[in-house]
Amino acid sequence: MIFKLSSLASALLLASPVVFSQSFDGVPGNFPADFRLRYETNDTDNLTKSATALTLRSRIGYETDNYNGLKVLAEIEDVRSIIDDYAPESSDYDPVADPVNTEINRAQLSYTKEALTAVVGRQRIILDNARFIGNVGWRQNEQTYDAALLQYKKDNIGVTYAYINQVNDINFSERDITGHALNLAFDKLSVGKLVTYAYLVDIDDSDLYYDTYGVSLAGQKSLDDIKVNYLAEIATQSAYKNGDKDAIYYHVEAGATLKGVNLTLGNETLGSDDGKYGFQTPLATKHAFNGWADKFLNTPDNGLSDTYLRISGSVDKIKALVAYHEYSTDKGGDDLGSELNVQLLYPFSKNLSSGLKYASYDATDGGSDTDKFWLWCGLSF
(Lines give C-alpha, C1' and ligand atoms only; values in the text may rest on other atoms or scores of the structure.)
Protein backbone atom coordinates (compact mmCIF):
# COMPACT_ATOMS: atom_id res chain seq x y z
CA MET A 1 0.00 0.00 0.00
CA ILE A 2 1.04 3.60 -0.48
CA PHE A 3 0.52 4.16 3.24
CA LYS A 4 -1.66 2.88 6.05
CA LEU A 5 -3.97 5.09 8.07
CA SER A 6 -5.55 2.33 10.16
CA SER A 7 -4.54 3.85 13.48
CA LEU A 8 -5.69 7.32 12.44
CA ALA A 9 -9.02 6.01 11.20
CA SER A 10 -9.65 4.04 14.38
CA ALA A 11 -8.78 7.01 16.58
CA LEU A 12 -11.02 9.34 14.63
CA LEU A 13 -13.96 6.97 14.73
CA LEU A 14 -13.58 6.16 18.42
CA ALA A 15 -13.46 9.85 19.17
CA SER A 16 -16.82 10.48 17.51
CA PRO A 17 -19.65 10.11 20.06
CA VAL A 18 -22.43 9.59 17.50
CA VAL A 19 -22.40 8.60 13.83
CA PHE A 20 -26.02 9.13 12.92
CA SER A 21 -25.52 12.69 11.75
CA GLN A 22 -23.41 14.56 9.28
CA SER A 23 -22.12 17.12 11.77
CA PHE A 24 -22.26 18.18 15.40
CA ASP A 25 -22.25 21.62 16.98
CA GLY A 26 -18.71 22.58 17.91
CA VAL A 27 -17.12 19.56 16.16
CA PRO A 28 -15.34 20.38 12.89
CA GLY A 29 -15.94 18.14 9.91
CA ASN A 30 -18.68 15.59 9.39
CA PHE A 31 -19.43 11.95 10.18
CA PRO A 32 -20.69 10.12 7.08
CA ALA A 33 -22.48 6.84 7.74
CA ASP A 34 -24.52 4.37 5.75
CA PHE A 35 -26.12 1.02 6.50
CA ARG A 36 -27.63 -1.60 4.23
CA LEU A 37 -29.65 -4.60 5.38
CA ARG A 38 -30.08 -7.14 2.58
CA TYR A 39 -31.81 -10.47 2.11
CA GLU A 40 -30.39 -12.54 -0.75
CA THR A 41 -31.03 -16.02 -2.13
CA ASN A 42 -29.14 -18.12 -4.67
CA ASP A 43 -30.80 -21.22 -6.08
CA THR A 44 -28.37 -22.81 -8.53
CA ASP A 45 -29.12 -26.18 -10.10
CA ASN A 46 -26.17 -28.11 -8.67
CA LEU A 47 -25.21 -30.44 -5.83
CA THR A 48 -25.10 -27.79 -3.07
CA LYS A 49 -28.08 -26.41 -1.15
CA SER A 50 -29.85 -23.21 -2.11
CA ALA A 51 -28.35 -20.26 -0.28
CA THR A 52 -30.09 -17.77 2.01
CA ALA A 53 -28.25 -14.76 3.39
CA LEU A 54 -29.36 -11.87 5.55
CA THR A 55 -26.47 -9.46 5.99
CA LEU A 56 -25.93 -6.00 7.41
CA ARG A 57 -23.31 -3.69 5.95
CA SER A 58 -22.25 -0.74 8.15
CA ARG A 59 -19.96 2.11 7.17
CA ILE A 60 -18.97 4.87 9.56
CA GLY A 61 -16.34 7.51 9.07
CA TYR A 62 -15.04 10.96 9.75
CA GLU A 63 -14.07 13.68 7.27
CA THR A 64 -12.36 16.90 8.29
CA ASP A 65 -13.40 20.32 7.15
CA ASN A 66 -11.71 21.83 4.13
CA TYR A 67 -8.45 23.49 5.22
CA ASN A 68 -7.01 25.43 2.27
CA GLY A 69 -8.15 22.66 -0.06
CA LEU A 70 -7.01 19.77 2.17
CA LYS A 71 -9.29 17.12 3.64
CA VAL A 72 -8.72 13.84 5.50
CA LEU A 73 -11.28 11.03 5.33
CA ALA A 74 -11.21 7.80 7.34
CA GLU A 75 -13.94 5.15 7.10
CA ILE A 76 -14.50 1.69 8.57
CA GLU A 77 -16.69 -0.93 6.89
CA ASP A 78 -18.21 -3.96 8.64
CA VAL A 79 -20.29 -6.84 7.26
CA ARG A 80 -22.26 -9.10 9.64
CA SER A 81 -24.52 -12.06 8.85
CA ILE A 82 -27.85 -12.63 10.55
CA ILE A 83 -28.70 -15.63 8.38
CA ASP A 84 -25.55 -17.34 7.08
CA ASP A 85 -26.78 -20.28 5.01
CA TYR A 86 -24.39 -19.47 2.19
CA ALA A 87 -20.82 -20.02 1.05
CA PRO A 88 -18.21 -18.92 2.09
CA GLU A 89 -19.82 -18.99 5.56
CA SER A 90 -20.92 -22.61 4.98
CA SER A 91 -19.59 -24.77 2.16
CA ASP A 92 -22.82 -26.81 1.96
CA TYR A 93 -24.64 -23.95 0.27
CA ASP A 94 -24.51 -21.97 -2.96
CA PRO A 95 -22.33 -18.85 -2.80
CA VAL A 96 -23.28 -15.31 -1.86
CA ALA A 97 -20.30 -12.99 -2.26
CA ASP A 98 -20.69 -11.20 1.09
CA PRO A 99 -18.16 -12.64 3.55
CA VAL A 100 -18.17 -11.41 7.14
CA ASN A 101 -15.32 -9.16 8.25
CA THR A 102 -14.27 -5.62 9.20
CA GLU A 103 -11.76 -3.41 7.40
CA ILE A 104 -10.56 0.12 6.79
CA ASN A 105 -12.65 0.93 3.74
CA ARG A 106 -11.17 4.35 2.96
CA ALA A 107 -8.27 6.30 4.45
CA GLN A 108 -7.34 9.17 2.19
CA LEU A 109 -5.88 12.64 1.98
CA SER A 110 -7.35 14.88 -0.71
CA TYR A 111 -6.48 18.29 -2.08
CA THR A 112 -8.73 20.40 -4.30
CA LYS A 113 -7.94 23.72 -5.93
CA GLU A 114 -10.12 25.09 -8.70
CA ALA A 115 -10.20 22.44 -11.46
CA LEU A 116 -7.59 20.15 -9.91
CA THR A 117 -8.19 17.34 -7.41
CA ALA A 118 -5.58 14.99 -5.95
CA VAL A 119 -6.32 12.02 -3.70
CA VAL A 120 -3.78 9.69 -2.13
CA GLY A 121 -4.44 6.64 0.05
CA ARG A 122 -7.17 4.02 0.19
CA GLN A 123 -10.02 5.33 -1.90
CA ARG A 124 -13.03 4.63 -4.09
CA ILE A 125 -12.36 4.90 -7.83
CA ILE A 126 -15.13 4.72 -10.44
CA LEU A 127 -14.30 5.59 -14.03
CA ASP A 128 -17.14 6.15 -16.53
CA ASN A 129 -19.71 3.34 -16.21
CA ALA A 130 -17.31 1.17 -14.11
CA ARG A 131 -16.93 -1.36 -16.93
CA PHE A 132 -13.16 -1.35 -16.52
CA ILE A 133 -12.48 0.27 -13.13
CA GLY A 134 -15.15 0.39 -10.43
CA ASN A 135 -15.97 -0.14 -6.77
CA VAL A 136 -18.35 -3.14 -7.08
CA GLY A 137 -20.79 -1.13 -4.98
CA TRP A 138 -23.48 -3.79 -5.28
CA ARG A 139 -21.67 -6.14 -2.89
CA GLN A 140 -21.79 -5.41 0.83
CA ASN A 141 -18.01 -4.93 0.99
CA GLU A 142 -17.08 -2.55 -1.81
CA GLN A 143 -13.83 -2.71 -3.75
CA THR A 144 -11.36 0.08 -3.00
CA TYR A 145 -7.87 0.94 -4.16
CA ASP A 146 -4.63 2.02 -2.54
CA ALA A 147 -3.74 4.63 -5.10
CA ALA A 148 -2.71 8.12 -6.06
CA LEU A 149 -5.29 9.87 -8.23
CA LEU A 150 -5.19 13.16 -10.13
CA GLN A 151 -8.23 14.74 -11.80
CA TYR A 152 -8.55 17.89 -13.83
CA LYS A 153 -12.01 19.04 -14.88
CA LYS A 154 -12.67 22.35 -16.56
CA ASP A 155 -15.34 23.39 -19.01
CA ASN A 156 -16.04 20.30 -21.13
CA ILE A 157 -12.71 18.53 -20.61
CA GLY A 158 -11.85 15.95 -17.95
CA VAL A 159 -8.51 14.26 -17.40
CA THR A 160 -8.03 11.47 -14.85
CA TYR A 161 -4.87 9.57 -14.02
CA ALA A 162 -4.52 6.96 -11.29
CA TYR A 163 -1.57 4.94 -10.13
CA ILE A 164 -2.80 1.86 -8.26
CA ASN A 165 -0.61 -0.48 -6.25
CA GLN A 166 -3.19 -2.50 -4.31
CA VAL A 167 -6.76 -3.69 -4.85
CA ASN A 168 -8.90 -4.36 -1.76
CA ASP A 169 -11.60 -6.59 -3.18
CA ILE A 170 -15.09 -7.67 -2.11
CA ASN A 171 -13.74 -10.79 -0.37
CA PHE A 172 -11.64 -8.72 2.06
CA SER A 173 -8.55 -9.82 0.13
CA GLU A 174 -5.65 -7.63 -0.91
CA ARG A 175 -3.94 -7.95 -4.30
CA ASP A 176 -0.73 -6.18 -5.13
CA ILE A 177 -0.75 -4.76 -8.63
CA THR A 178 1.02 -2.17 -10.71
CA GLY A 179 -1.78 -0.27 -12.40
CA HIS A 180 -1.94 2.85 -14.52
CA ALA A 181 -5.29 4.33 -15.57
CA LEU A 182 -5.57 7.30 -17.92
CA ASN A 183 -8.99 8.59 -18.92
CA LEU A 184 -9.65 11.62 -21.18
CA ALA A 185 -13.24 12.86 -21.51
CA PHE A 186 -14.65 15.51 -23.85
CA ASP A 187 -18.19 16.33 -22.80
CA LYS A 188 -21.04 18.27 -24.42
CA LEU A 189 -19.80 17.80 -27.96
CA SER A 190 -22.40 18.08 -30.69
CA VAL A 191 -22.43 14.27 -30.94
CA GLY A 192 -22.32 13.57 -27.20
CA LYS A 193 -19.54 12.62 -24.80
CA LEU A 194 -16.29 11.24 -26.19
CA VAL A 195 -13.97 9.27 -23.89
CA THR A 196 -10.63 7.68 -24.67
CA TYR A 197 -8.74 5.59 -22.15
CA ALA A 198 -5.74 3.39 -21.39
CA TYR A 199 -5.84 0.93 -18.48
CA LEU A 200 -2.64 -1.03 -17.82
CA VAL A 201 -2.88 -3.66 -15.09
CA ASP A 202 0.03 -5.88 -14.05
CA ILE A 203 -0.75 -8.43 -11.34
CA ASP A 204 2.33 -8.55 -9.11
CA ASP A 205 3.97 -11.90 -8.33
CA SER A 206 2.26 -13.51 -11.33
CA ASP A 207 2.57 -13.73 -15.09
CA LEU A 208 -0.70 -11.89 -15.67
CA TYR A 209 -1.06 -8.48 -17.24
CA TYR A 210 -3.86 -6.72 -19.12
CA ASP A 211 -3.22 -3.65 -21.30
CA THR A 212 -6.48 -2.14 -22.54
CA TYR A 213 -6.94 0.83 -24.88
CA GLY A 214 -10.35 2.10 -25.95
CA VAL A 215 -12.69 4.87 -27.00
CA SER A 216 -16.41 5.44 -26.43
CA LEU A 217 -19.08 7.85 -27.63
CA ALA A 218 -22.41 8.29 -25.85
CA GLY A 219 -25.13 10.83 -26.46
CA GLN A 220 -28.78 11.75 -26.52
CA LYS A 221 -30.88 13.67 -29.04
CA SER A 222 -34.42 15.01 -28.82
CA LEU A 223 -36.79 14.38 -31.72
CA ASP A 224 -40.03 16.11 -30.84
CA ASP A 225 -41.39 14.16 -27.84
CA ILE A 226 -38.88 11.33 -28.20
CA LYS A 227 -35.38 11.29 -26.74
CA VAL A 228 -32.98 9.02 -28.61
CA ASN A 229 -29.93 7.64 -26.76
CA TYR A 230 -26.93 5.88 -28.27
CA LEU A 231 -23.61 4.36 -27.28
CA ALA A 232 -20.66 3.02 -29.27
CA GLU A 233 -17.48 1.73 -27.67
CA ILE A 234 -14.50 -0.28 -28.85
CA ALA A 235 -11.36 -1.43 -27.05
CA THR A 236 -8.39 -3.68 -27.66
CA GLN A 237 -6.59 -5.75 -25.06
CA SER A 238 -3.12 -7.23 -25.04
CA ALA A 239 -2.67 -9.71 -22.22
CA TYR A 240 -0.38 -12.40 -20.96
CA LYS A 241 -1.99 -15.59 -19.73
CA ASN A 242 -0.07 -18.72 -20.62
CA GLY A 243 1.40 -16.76 -23.51
CA ASP A 244 0.68 -13.46 -25.25
CA LYS A 245 -2.97 -12.92 -26.13
CA ASP A 246 -4.99 -10.24 -27.97
CA ALA A 247 -8.74 -9.65 -27.91
CA ILE A 248 -11.22 -6.96 -28.88
CA TYR A 249 -14.21 -5.49 -27.07
CA TYR A 250 -17.17 -3.59 -28.44
CA HIS A 251 -20.42 -2.30 -26.99
CA VAL A 252 -23.27 -0.70 -28.94
CA GLU A 253 -26.64 0.58 -27.73
CA ALA A 254 -29.59 2.40 -29.25
CA GLY A 255 -32.72 3.43 -27.41
CA ALA A 256 -35.62 5.85 -27.16
CA THR A 257 -37.52 7.49 -24.31
CA LEU A 258 -41.18 8.46 -24.66
CA LYS A 259 -43.35 9.70 -21.80
CA GLY A 260 -40.77 8.60 -19.25
CA VAL A 261 -40.38 5.04 -20.56
CA ASN A 262 -37.01 4.06 -22.07
CA LEU A 263 -36.51 1.10 -24.40
CA THR A 264 -32.91 0.17 -25.27
CA LEU A 265 -31.45 -2.56 -27.47
CA GLY A 266 -27.76 -3.33 -27.19
CA ASN A 267 -24.94 -5.78 -27.62
CA GLU A 268 -21.76 -6.10 -25.59
CA THR A 269 -19.09 -8.44 -26.91
CA LEU A 270 -15.96 -9.46 -25.06
CA GLY A 271 -13.93 -11.02 -27.84
CA SER A 272 -11.76 -14.11 -28.04
CA ASP A 273 -8.23 -14.81 -29.20
CA ASP A 274 -8.96 -17.88 -31.33
CA GLY A 275 -10.72 -19.65 -28.47
CA LYS A 276 -7.66 -19.49 -26.21
CA TYR A 277 -8.45 -16.33 -24.27
CA GLY A 278 -11.44 -14.09 -23.59
CA PHE A 279 -11.28 -10.32 -23.06
CA GLN A 280 -11.10 -9.66 -19.29
CA THR A 281 -11.98 -6.70 -17.03
CA PRO A 282 -10.25 -7.56 -13.73
CA LEU A 283 -11.03 -4.26 -11.91
CA ALA A 284 -14.59 -3.76 -13.14
CA THR A 285 -17.94 -3.59 -11.38
CA LYS A 286 -18.89 -6.76 -13.23
CA HIS A 287 -22.31 -7.27 -11.64
CA ALA A 288 -23.67 -4.33 -13.62
CA PHE A 289 -22.98 -6.12 -16.92
CA ASN A 290 -23.96 -9.42 -18.56
CA GLY A 291 -26.83 -10.17 -16.20
CA TRP A 292 -27.33 -10.02 -12.45
CA ALA A 293 -27.03 -13.80 -11.98
CA ASP A 294 -23.25 -13.23 -12.33
CA LYS A 295 -22.69 -16.22 -14.59
CA PHE A 296 -19.98 -14.54 -16.66
CA LEU A 297 -17.79 -12.68 -14.17
CA ASN A 298 -14.83 -14.26 -15.94
CA THR A 299 -15.07 -14.20 -19.73
CA PRO A 300 -14.92 -17.68 -21.28
CA ASP A 301 -11.95 -18.44 -23.54
CA ASN A 302 -14.34 -18.41 -26.52
CA GLY A 303 -15.46 -14.90 -25.56
CA LEU A 304 -18.96 -13.65 -24.77
CA SER A 305 -21.62 -11.91 -26.84
CA ASP A 306 -24.47 -10.45 -24.77
CA THR A 307 -27.46 -9.13 -26.73
CA TYR A 308 -29.99 -7.46 -24.49
CA LEU A 309 -33.29 -5.58 -24.46
CA ARG A 310 -33.97 -3.24 -21.52
CA ILE A 311 -37.06 -1.26 -20.57
CA SER A 312 -37.19 1.17 -17.65
CA GLY A 313 -39.47 3.84 -16.26
CA SER A 314 -41.14 5.24 -13.15
CA VAL A 315 -44.58 5.05 -11.59
CA ASP A 316 -44.90 7.70 -8.89
CA LYS A 317 -41.76 7.13 -6.78
CA ILE A 318 -41.16 3.56 -7.91
CA LYS A 319 -38.42 3.06 -10.50
CA ALA A 320 -38.77 -0.14 -12.50
CA LEU A 321 -36.37 -1.93 -14.84
CA VAL A 322 -36.74 -5.15 -16.83
CA ALA A 323 -33.97 -6.61 -18.99
CA TYR A 324 -33.63 -9.74 -21.12
CA HIS A 325 -30.25 -11.15 -22.20
CA GLU A 326 -29.28 -13.70 -24.86
CA TYR A 327 -25.74 -15.06 -24.48
CA SER A 328 -23.47 -16.76 -26.98
CA THR A 329 -19.75 -17.29 -27.49
CA ASP A 330 -17.87 -14.77 -29.61
CA LYS A 331 -15.96 -17.54 -31.36
CA GLY A 332 -18.29 -20.09 -32.90
CA GLY A 333 -21.55 -18.48 -31.79
CA ASP A 334 -22.45 -21.29 -29.38
CA ASP A 335 -25.58 -20.72 -27.28
CA LEU A 336 -24.74 -19.86 -23.64
CA GLY A 337 -28.29 -19.40 -22.39
CA SER A 338 -30.56 -16.48 -21.55
CA GLU A 339 -31.49 -14.40 -18.53
CA LEU A 340 -34.33 -12.26 -17.21
CA ASN A 341 -33.65 -9.38 -14.79
CA VAL A 342 -36.26 -7.38 -12.86
CA GLN A 343 -35.69 -4.50 -10.42
CA LEU A 344 -37.91 -2.14 -8.40
CA LEU A 345 -36.52 0.79 -6.39
CA TYR A 346 -38.45 2.88 -3.88
CA PRO A 347 -37.09 5.83 -1.83
CA PHE A 348 -38.93 6.37 1.45
CA SER A 349 -37.05 9.61 2.00
CA LYS A 350 -33.80 11.36 1.12
CA ASN A 351 -31.89 9.10 3.52
CA LEU A 352 -33.93 5.88 3.44
CA SER A 353 -34.27 3.71 0.32
CA SER A 354 -35.34 0.19 -0.56
CA GLY A 355 -35.21 -2.19 -3.47
CA LEU A 356 -36.26 -5.55 -4.84
CA LYS A 357 -34.37 -7.45 -7.53
CA TYR A 358 -34.64 -10.79 -9.32
CA ALA A 359 -32.45 -12.66 -11.79
CA SER A 360 -33.32 -15.90 -13.58
CA TYR A 361 -30.69 -17.56 -15.77
CA ASP A 362 -31.79 -20.33 -18.15
CA ALA A 363 -28.76 -22.43 -19.03
CA THR A 364 -28.03 -24.54 -22.08
CA ASP A 365 -26.58 -28.06 -21.93
CA GLY A 366 -23.66 -28.19 -19.51
CA GLY A 367 -24.70 -25.06 -17.60
CA SER A 368 -26.65 -24.55 -14.38
CA ASP A 369 -30.03 -22.84 -14.16
CA THR A 370 -29.85 -20.11 -11.53
CA ASP A 371 -32.43 -17.97 -9.73
CA LYS A 372 -31.41 -15.13 -7.40
CA PHE A 373 -33.54 -12.77 -5.35
CA TRP A 374 -32.69 -9.66 -3.32
CA LEU A 375 -34.64 -7.43 -0.96
CA TRP A 376 -32.87 -4.58 0.80
CA CYS A 377 -33.18 -1.35 2.72
CA GLY A 378 -30.49 1.33 2.93
CA LEU A 379 -29.99 4.22 5.36
CA SER A 380 -27.36 6.90 4.74
CA PHE A 381 -26.26 10.22 6.23
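Conventions adopted
- Residues numbered from 1 in each chain as written.
- Predicted model: local features only at pLDDT ≥ 70, side-chain atom pairs only at ≥ 80, totals over all residues.
- Heavy atoms only, no water.
- Helix = DSSP H or I, 4+ residues; strand = E, 2+ residues; numbered from the N terminus.
- Rg over C-alpha atoms; globule rule 2.2 N^0.38 Å.
- Buried < 20%, exposed > 50% of the residue type's maximum accessible area, 1.4 Å probe, protein only.
- Contact = heavy atoms within 4.5 Å.
- Lys, Arg positive; Asp, Glu negative; His and termini not counted.
- Charge placed at Lys NZ, Arg CZ, Asp CG, Glu CD.
- Salt bridge = Lys/Arg side-chain N within 4 Å of Asp/Glu carboxyl O.
- Pairing = 2+ DSSP bridges.
- Patch = residues over 30% accessible without salt bridge, like charges linked within 9 Å, V, L, I, M, F, W, Y side chains within 5 Å.
- Areas by Shrake-Rupley, 256 points an atom, 1.4 Å probe, with all protein chains shown as cover.
- Phe/Tyr/Trp six-rings, centres within 6.5 Å; stacked < 30°, edge-to-face > 60°.

Chemist: Just to check I follow, could you spell out the overall build of the chain for this structure?
Modeler: A count of helices and strands for the chain gives one helix and 18 strands. Relative to the 2.2 N^0.38 estimate, which gives 21 Å for 381 residues, the radius of gyration of the chain is 22 Å and therefore close to what a compact globule would have. Across its three principal directions, the C-alpha atoms of the chain cover 65 × 55 × 50 Å. Looking at the chain residue by residue over its 381 residues, the buried ones come to 45%. Considering only residue pairs separated by 6 or more positions, the chain has 54% of its internal contacts joining residues 24 or more positions apart. Counting 34 positive and 53 negative side-chain charges, the chain places the centres of these two groups 7 Å from one another.

Chemist: Is there a simple way to think about the pattern of salt bridges in this case?
Modeler: Two side chains carrying opposite charge are able to pair once their charged atoms lie near each other. Applying the stated rule across the entire model yields 17 salt bridges. One salt bridge in this structure joins glutamate 40 and arginine 139, with 2.9 Å as the shortest N-O distance. Within this pair, whereas glutamate 40 is found in strand β1 (residues 33-44), its partner arginine 139 is found in the loop between β5 (116-123) and β6 (144-154), the two being separated by 99 residues in sequence. Arginine 139 matches glutamate 40 in its accessibility class, with the two residues each being buried. The shortest N-O distance in the salt bridge between aspartate 146 and arginine 122 comes to 2.9 Å. With aspartate 146 in strand β6 and arginine 122 in strand β5, this residue pair connects regions lying 24 residues apart in the sequence. Note on aspartate 146: relative accessible area 1%, which makes it buried.

Chemist: What am I meant to see in the pairing of strand β11 (residues 226-240) here?
Modeler: Residues in a regular strand project their side chains so that they alternate between the two faces of the sheet. Pairing geometry for strand β10 (residues 209-223) and β11, over 15 bridges, is antiparallel. Counterpart to serine 222 in the pairing with β11 is lysine 227. The hairpin formed by β10 and β11 contains two residues between the paired strands, and aspartate 224 there has a positive phi angle of roughly 60°. Across 15 bridges, the pairing between β11 and strand β12 (residues 244-258) is antiparallel. Each bridged residue has a counterpart across the sheet, and for isoleucine 226 the counterpart in β12 is leucine 258. Counting the residues that bridge the hairpin from β11 to β12 gives three residues, and of these asparagine 242 lies at a positive phi of roughly 55°.

Chemist: Please explain a nonpolar patch on the surface as it appears in this structure.
Modeler: Residues Ile157, Phe186, Leu189, Val191, Leu194, Val215, Ile234, Ile248, Tyr250 and Val252 make up a contiguous nonpolar surface patch of roughly 740 Å² in combined accessible area. At the level of elements, β8 (174-189) and β12 are the ones that each hand at least two residues to the nonpolar patch. Examining the composition of the nonpolar patch, we find that three residues originate from one element, β12, more than from any other. Within the element layout of this structure, isoleucine 234 appears in strand β11. Of the residues examined, isoleucine 234 reaches a relative accessible area of 42% and is grouped as partly exposed.

Chemist: Even after reading the chapter, I still don't get the packing of aromatic side chains, so can you show me in this structure?
Modeler: We describe a pair of aromatic rings using the distance from one ring centre to the other and the angle between the two ring planes. A full pass over the atoms with the stated rule returns 15 aromatic pairs. For the ring pair phenylalanine 132 and tyrosine 249, a centre distance of 5.5 Å and an interplane angle of 75° mean the geometry is edge-to-face. Pair noted here: phenylalanine 132 is in the loop between β5 and β6 and tyrosine 249 is in strand β12, with a separation of 117 residues, a long-range link. In this structure phenylalanine 132 comes out as buried when scored by relative accessible area, which is 9%. Note on tyrosine 249: relative accessible area 0%, which makes it buried. With a centroid separation of 4.9 Å and an interplanar angle of 10°, the aromatic rings of tyrosine 197 and tyrosine 199 are classed as stacked. Here tyrosine 197 matches tyrosine 199 in class, with each residue buried.

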